[in-house]
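Summary of structural features
Residue strings, one per chain:
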Amino acid sequence: MTTLSPSVDSGPRVRVMGVLNVTPDSFSDGGLYLDPRTALDRALQMAAEGADIIDVGGESTRPGAGGITVAEEIERVVPVIGMLRARFDGVISVDTSKPAVMRAAVAAGARMINDVCALQREDALPVAAGLGVDVCLMHMQGEPRSMQLAPRYDDVVTEVCGFLQARAAACVAAGLPAARLSVDPGFGFGKDLAHNLALLRGLPRLAALGYPVVVGVSRKSMIGTLTGRAAGDRLHGSVALAVYAALHGALIVRVHDVAATVDALRVIAAIRREQGG
Ligand code: 9MG
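A quick note: this is a predicted structure, and the numbers were derived from the prediction, not measured. (Residues numbered from 1 in each chain as written. Predicted model: local features only at pLDDT ≥ 70, side-chain atom pairs only at ≥ 80, totals over all residues. Heavy atoms only, no water.)

Near the ligand the following residues occur: Thr61, Asp95, Asn114, Val116, Cys136, Met138, Asp184, Phe189, Gly216, Lys220 and Arg254. In the environment of the ligand, an oxygen atom lies 3.1 Å from a nitrogen or oxygen atom belonging to the backbone of Gly216. Here an oxygen atom of the ligand and a side-chain polar atom of Lys220 are 2.7 Å apart. About the coverage of the ligand: the protein hides 96% of its 310 Å² of free accessible area. For the shell around the ligand, a count of residues per class yields four nonpolar, three polar and four charged. (Near = heavy atom within 4 Å. Polar contact = N/O pair within 3.5 Å; in protein donor to acceptor, adjacent residues only side chain to side chain. Areas by Shrake-Rupley, 256 points an atom, 1.4 Å probe, with all protein chains shown as cover. Nonpolar A, V, L, I, M, F, W, Y, C, P; charged D, E, K, R; others polar.)

Here you go:
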């Protein structure tokens, strides 16, 4: 039996999820990939750079974002997923909270649902359970429109762990196998800088829940606060946090800058292999 903690165990390879926002208004790449062909090219570029998963989203979840209709969201993501399915062997994930979008995306070839609402919307849980795909359950306090106004916790790590554990239990009770689930503390979703830093320190506790932990910090405002840099200039901070997350229990990192992240993770994987062997 190993006595190594997740932070020093050589562990399984950390997977890279590339972000593809087919939206006009996402915080760092909004408007760049609204055209399905341009979106496909970007997805194929991330695949060539080593992405294991491509996460296709049609609705921005940045702080202050408004909503769009089901039809608009399907119109944005389904053509891209359909074209990508024929050209990419890895996992296509759909970033949505809407049951009808989940159904349409899986019919087009998605094999994972990334839900920032953790399947709490009406019908989302039974629909996802019936689709037979993997699901990432993310924590968010509040809703995108207002979540950053005054986030408050007594103990952010304990509360986020408790929420994710309860949502995972609800999924299993609804027939979604535990082996299909991953959990994500939702950096920046109703969290200030101190909450985000506490959650990074608390990653081993999240990993101890027993589900793969997904971490999405790429280009987020916490990096802007720490470095003073704009969203398009946060590569170094993003890679540093992806490496930190990988060393402390994350099994999937959700990133915009795939090539740089893959290189960094390859380097630390080699060190960890030596340590493990
Ligand atoms: C859609 N989306 C935006 N940020 C995210 C994050 O941190 N995690 C996950 N799972 N999805 C996210």
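Once you've had a look at it, read on.
This brings us to the environment of Pro177. Inspection of the secondary structure puts Pro177 in the loop between helix H5 (156-173) and strand E6 (181-184). The class of Pro177 is partly exposed, set by a relative accessible area of 42%. Expressed as a C-alpha distance, the spacing of Pro177 and Thr158, which sit 19 residues apart in the sequence, is 24 Å. (Helix = DSSP H or I, 4+ residues; strand = E, 2+ residues; numbered from the N terminus. Buried < 20%, exposed > 50% of the residue type's maximum accessible area, 1.4 Å probe, protein only.)

For the rest of this paragraph, the subject is the confidence of the model for the chain. Of the residues in the chain, 95% reach a pLDDT of 70 or more, and the chain-wide mean stands at 93. The low-confidence segment residues 1-8 (pLDDT under 50) makes six contacts with residues lying over four places distant or belonging to another chain. (pLDDT = per-residue confidence, 0-100. Contact = heavy atoms within 4.5 Å.)

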